[in-house]
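Fold and contact review
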2 protein chains.
Amino acid sequence: MQLLKERIRKEGRVLPGGIIKIDGFLNHRVDVRLMREIAKEFGRLFDLTGLTAVVTVEASGIAVAAICAEEFGVPMIFAKKAKSDNIEGGLYHSEIFSYTYKKKVTLIMAREWLGPNDKVLIIDDFLANGEALRGLTEIVKQSGASLIGIGVVVEKGFQPGGAMIRGQGINLQSLAIIERAAPDEIIFRD
Amino acid sequence: MQLLKERIRKEGRVLPGGIIKIDGFLNHRVDVRLMREIAKEFGRLFDLTGLTAVVTVEASGIAVAAICAEEFGVPMIFAKKAKSDNIEGGLYHSEIFSYTYKKKVTLIMAREWLGPNDKVLIIDDFLANGEALRGLTEIVKQSGASLIGIGVVVEKGFQPGGAMIRGQGINLQSLAIIERAAPDEIIFRD
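Describing the overall build of chain A
Along chain A, the regular secondary structure elements total 5 helices and 11 strands. Based on the C-alpha atoms only, the size of chain A along its principal axes is roughly 50 × 35 × 30 Å. Long-range contacts, defined here as pairs at least 24 residues apart, represent 60% of the contacts in chain A between residues at least 6 apart. In the structure as shown, chain A presents an accessible area of about 8,300 Å², 48% of it carried by carbon and sulfur atoms.

A short note on the state of the cysteines
Throughout this description, disulfide means a covalent bond between two cysteine sulfur atoms. As enumerated under the stated definition, the model contains 0 disulfides over all chains in all. Here C68 of chain A stays unpaired: no disulfide links it, and the sulfur of C68 of chain B, its closest cysteine neighbor, is 18 Å away. Exposure remark for C68 of chain A: the relative accessible area of 0% places this residue in the buried category.

Re the interface of chain A and chain B
Each partner contributes residues to the interface: chain A has 32 residues there, and chain B has 32 residues. Buried area between chain A and chain B, both sides added, is near 2,900 Å², and the carbon and sulfur share of it is 65%. There are 4 salt bridges connecting chain A and chain B. Its salt-bridge partner being R36 of chain A, residue E70 of chain B comes within 2.7 Å of it at the nearest N-O pair. Elements that contribute at least two residues to the side of chain A that touches chain B include exactly strand 3 (29-30), helix 2 (32-45), helix 3 (62-72), strand 5 (76-81) and strand 7 (103-110) of chain A. A per-class count over the side of chain A that touches chain B returns 18 nonpolar, 5 polar and 9 charged.

Side note on helix 1 (residues 2-11) of chain A
Residues and elements named next belong to chain A. Taken residue by residue, helix 1 has L4, K5, R7 and I8 as its buried positions. All buried residues of helix 1 fall inside an arc of 160 degrees around its axis, so they share one side. In helix 1, the exposed positions angled more than 90 degrees off the buried face are occupied by Q2 and K10. Considering only its buried residues, helix 1 is in contact with helix 2, strand 9 (146-156), strand 10 (172-182) and strand 11 (185-188).

As for the relation of the copies chain A and chain B
With an RMSD of 0.0 Å, the fit of chain A onto chain B corresponds to turning through 180 degrees and sliding 0.0 Å along the axis. The superposition operator between the copies reduces to a two-fold rotation axis. The overlap is high: 100% of the interface residues of chain A also sit at the interface in chain B, so the same surface is used on both sides.

Concerning the nonpolar core
Formed by 85 residues in total, the largest nonpolar core has its most connected members in M76 of chain A together with M76 of chain B. Dropping the residues within four chain positions of it, M76 of chain A is found in contact with V54, T56, I62, A65, A66 and A69 of chain A together with H28, R29, V30, V32 and A63 of chain B.

Section: the pattern of salt bridges
Applying the stated criterion to the full structure yields 30 salt bridges over all chains. Note that R180 of chain A is salt-bridged to E185 of chain A, the shortest N-O span being 3.0 Å. Salt-bridge contacts for R13 of chain B lead to D23 of chain B; the nearest nitrogen and oxygen are separated by 3.9 Å. Of the two residues, R13 of chain B is situated in strand 1 (residues 13-15) and D23 of chain B in the loop between strand 2 (19-21) and strand 3 (29-30); the sequence distance between them amounts to 10 residues. Judged by its relative accessible area of 36%, R13 of chain B is partly exposed. Of the residues examined, D23 of chain B reaches a relative accessible area of 7% and is grouped as buried. Where salt bridges share partners, they join R36, E70 and E71 of chain A together with R36, E70 and E71 of chain B into one cluster.

Focus: the pairing of strand 5 (residues 76-81) of chain B
By the bridge criterion, 2 bridges tie strand 3 of chain A to strand 5 of chain B in an arrangement that is antiparallel. Residue pairing for strand 5 of chain B: R29 of chain A is matched across the bridge by I77 of chain B. For strand 4 (residues 53-57) of chain B and strand 5 of chain B, the ladder comprises 4 bridges, and the chain directions are parallel. Residue pairing across strands places V54 of chain B opposite M76 of chain B, the latter belonging to strand 5 of chain B. With helix 3 (residues 62-72) of chain B bridging strand 4 of chain B and the parallel strand 5 of chain B, this β-α-β connection has right-handed handedness.

Conventions and cut-offs
Within each chain, residues carry numbers counting from 1 in the order of the written sequence. Labels are handed out in written order, letters beginning with A for the chains and numbers beginning with 1 for the ligands. Only residues with pLDDT of at least 70 get local features here, since the model is predicted, and only at 80 or more are side-chain atom pairs given and counted; chain-wide, interface and lining totals rely on the full set of residues. Side-chain metrics rest on all non-hydrogen atoms present in the structure, leaving aside hydrogens and water. Numbering of helices and strands runs from the N terminus, with a helix taken as a DSSP run of H or I at least four residues long and a strand as a DSSP run of E at least two residues long. The contact rule is simple, with two residues in contact once any of their heavy atoms fall within 4.5 Å. Surface exposure here means Shrake-Rupley accessible area, sampled with a 1.4 Å probe, where a residue is shielded only by the protein chains that are shown. A pair of cysteine sulfur atoms is labelled a disulfide when the two atoms are within 2.5 Å. Only protein chains enter the accessibility calculation, which uses a 1.4 Å probe; a residue is then buried when its area is under 20% of its type maximum, exposed when over 50%, and partly exposed in between. Note: buried area is the sum, over both parts, of the accessible area (probe 1.4 Å) each one loses when the two are combined. Only one rule defines a salt bridge in this text: a Lys or Arg side-chain nitrogen within 4 Å of an Asp or Glu carboxyl oxygen. The nonpolar class holds Ala, Val, Leu, Ile, Met, Phe, Trp, Tyr, Cys and Pro. Asp, Glu, Lys and Arg form the charged class, and all remaining residues, Gly among them, are polar. The arc in question is formed by the directions pointing from the helix axis toward the C-beta atoms. Least squares is the method for superposing the copies, and the C-alpha atoms it fits come from residues with pLDDT of at least 70 in both. Here, the term nonpolar core denotes a set of buried Ala, Val, Leu, Ile, Met, Phe, Trp, Tyr and Cys residues that are joined through side-chain atoms within 4.5 Å. Paired strands, as defined in this entry, are two strands with at least two bridges between them according to DSSP. By definition, the crossover connecting two strands over a helix is right-handed if that path, from the first strand to the second, turns clockwise as seen with the strands pointing away from the viewer.

Structural data, given as structure tokens:
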């Protein structure tokens, strides 16, 4: 998506360790007009026939997922990070490793909001190691819902998440794939 | 807001300890069409002349705040919960007590996204003890931005947050104020 790549080139900052900060429009301050354009682009990339929900995980995926859900006329459901190790009944859950928190985190979702009659699209802002998306796809699998695909705004192509997800035969569409990031240049995959 | 109160009466569940679960349309599965109606209602309740941003805090405020921001034509900025006690430079921060996590949490926001030339509306999904909103107003104050007011979707009128915020002279508008909640009935303030 050209508009997005231009914004990343213009406003993104590359920090040591391959960290790409684009928190001026994606995941701290959010340019909601750009999110609407992103939602329209996902609408073109996926066949959304029969879609019943957009699924994401807290926190920074929520803004783009909410606007996608409105664009597609369905509710948005976000998986939560469990507050304790004690998982109550009535929940789907999946354990992931969080690179942000540097520890295991359990994603949870109430069973009542997702089931075998659902057909969902997963949306997230960022894909790097793919742990959050692995957890979300596990939750969708547990629910028996069918998965149309996964839409990601920015994928770090030099980290393993994208290959892992595509290797499972999931239709993953990333609007910008960063192939290489150095302080003086950001190279996108074509 | 009548539409909202009807949804709370129809779908809300009251759990022991005054916990009101409305996670079927507000803070787990999100009815984004209702969020759009809520955004329009906030647009009627506040004078948004000169508004530059909608401000909220992660995680469950983000969906409604994003749709409000789009409705008002401004970006949305969400304060984050600090991952460690070590607060870097370049951040506004405010310490709050989180009743969800049962511990102190520090809210942070990058200084570069909010300053004295900004005029903001704070939006959140829920108001009970008011700690998150106290932290957000402190961050807005630190930035030098002016605060138009605070819009809350659901206020628990039997908890002290609302009185605390109104006592500071802040224009707080809650679309539904629950005065009393028992498993068999939910009473709203007029």
